[in-house]
Amino acid sequence: MPRFTTRTLFALGAALALWASAFAGIRSGLRAYSPAHLAILRFLVASLMLAIYAGIAHFRRPALRDLPGLVLSGALGITFYNIAINYGETKVTAGAASLLIASVPIWTALLARILLHEKLTALGWFGVFMSFAGIAMVASGEGEGIHFSPQALVILSAALTSSLYMIMQKHYLRRYSALEFTAYSIWFGTLMMLPFGSGFVHTLRSAPAAATLSVIYLGIFPGALAYVAWAYVMSHGTAGRTATLLYMIPVMAIGIAWLWLGEVPRWISLIGGAIALAGVVLVNTRGKELPYDLSENVPDAA
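All of these numbers come straight from a predicted model, not from anything done at the bench.

Peer 1: Would you mind showing me how to read the overall build of the chain here?
Peer 2: If you tally the helices and strands in the chain, you get 12 helices and zero strands. Shown N-terminal to C-terminal, the secondary structure of the chain runs as helices and strands in the order α-α-α-α-α-α-α-α-α-α-α-α. The burial tally for the chain puts 54% of its 302 residues in the buried class. Element-wise, carbon and sulfur atoms account for 69% of the exposed surface of the chain, whose accessible area totals about 13300 Å².

And the structure:
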């Protein structure tokens, strides 16, 4: 593990904690906002914050040839992902949602196998099946009896979409910084949310202050500042194994949801999540002949 300066350690801890808090923040905001309205307000705020930072940091303008791909990245990684996860969390607890989203590296590894011809070892395939078994336990734990929760399956579709987003990053990170790519994706993704905004102004006016503040928090902190903090960590040469600490997000998310909302996933979800995370770690540490470098991607957290 790389040595951290005090500032880098603080930035790393802040990024992880802020991303982990997003799952509980979504549940809090959903008490007054629909999934689409929550996403719109959150990313209008995040877009404004990133626009201010872009002006200070002098972001490069995207090349004309890159615009279609950046628009598609925004549609997949921001618009669909966030509306889907918001809808999923109408029924799924924050902790269980974070465990399902933690499957993104598994989907990414499988897509990299198909699209980028990156090979998995026998241990890698074992990790994949191990993760899928854990994911099934989480999904069933959030349903009634032994039935799968439809909302959990929607969150899994968000995880799959996020993996496509991360695959697309590999192409654009050759020309843009991680923070630039993220900002462009968020700006385009926010624009594509607006058609879902019917009744948004009325909801904004009638929503309780606590719910609105939760959504504003999501936009400022997990939606903007966490990405700035992560970019700072990556720029100080601590990439490599630092990215494996992203696996701490579900653990932190469960703790934050307990403190903020007083909710804890069912035991079957917790056990399944532990199995799924073990599979993810196995795939990303021992399961690839041509390692997929998680550290070069910006996580698509909640």
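Structure's up, so let's keep going.
Peer 1: I'm lost on a nonpolar patch on the surface in this one. Help?
Peer 2: Among the surface-exposed residues, Leu44, Leu191 and Leu194 lie close enough to one another that they form a single nonpolar patch of about 270 Å² accessible area. Note on placement: Leu191 falls in helix H8 (residues 178-193). By relative accessible area, Leu191 is classed as exposed at 54%.

Peer 1: Looking at this structure, how should I read the environment of Ser98?
Peer 2: Turning to its location among the elements, Ser98 is positioned in helix H4 (residues 94-101). For the pair Ser98 and Ala20, spaced 78 residues apart in sequence, the C-alpha to C-alpha distance is 7.7 Å. Setting aside residues up to four positions removed in sequence, Ser98 forms contacts with Phe23, Pro250 and Ala253.

Peer 1: Mind showing me how you'd approach the packing of aromatic side chains here?
Peer 2: In this description, a pair of aromatic rings is defined by centroid distance and the angle of the planes. Applying the stated criterion across every chain, the model contains nine aromatic pairs. Measuring from centroid to centroid gives 5.7 Å for Trp19 and Trp230, while their planes differ by 55 degrees, and the two rings are tilted. Taken as a pair, Trp19 in helix H1 (residues 6-29) and Trp230 in helix H10 (residues 209-235) lie far apart in primary sequence, 211 residues in all. We classify Trp19 as buried; its relative accessible area is 0%.

Peer 1: I would appreciate a short explanation of the environment of Thr108 in the present structure.
Peer 2: Among the secondary structure elements, Thr108 is positioned in helix H5 (residues 104-115). A relative accessible area of 1% means that Thr108 is categorised as buried. Along the sequence, Thr108 and Met166 sit 58 residues apart, while their C-alpha atoms lie 7.2 Å from each other.

Calculation criteria
Residues numbered from 1 in each chain as written. Predicted model: local features only at pLDDT ≥ 70, side-chain atom pairs only at ≥ 80, totals over all residues. Heavy atoms only, no water. Helix = DSSP H or I, 4+ residues; strand = E, 2+ residues; numbered from the N terminus. Buried < 20%, exposed > 50% of the residue type's maximum accessible area, 1.4 Å probe, protein only. Areas by Shrake-Rupley, 256 points an atom, 1.4 Å probe, with all protein chains shown as cover. Patch = residues over 30% accessible without salt bridge, like charges linked within 9 Å, V, L, I, M, F, W, Y side chains within 5 Å. Salt bridge = Lys/Arg side-chain N within 4 Å of Asp/Glu carboxyl O. Contact = heavy atoms within 4.5 Å. Phe/Tyr/Trp six-rings, centres within 6.5 Å; stacked < 30°, edge-to-face > 60°.

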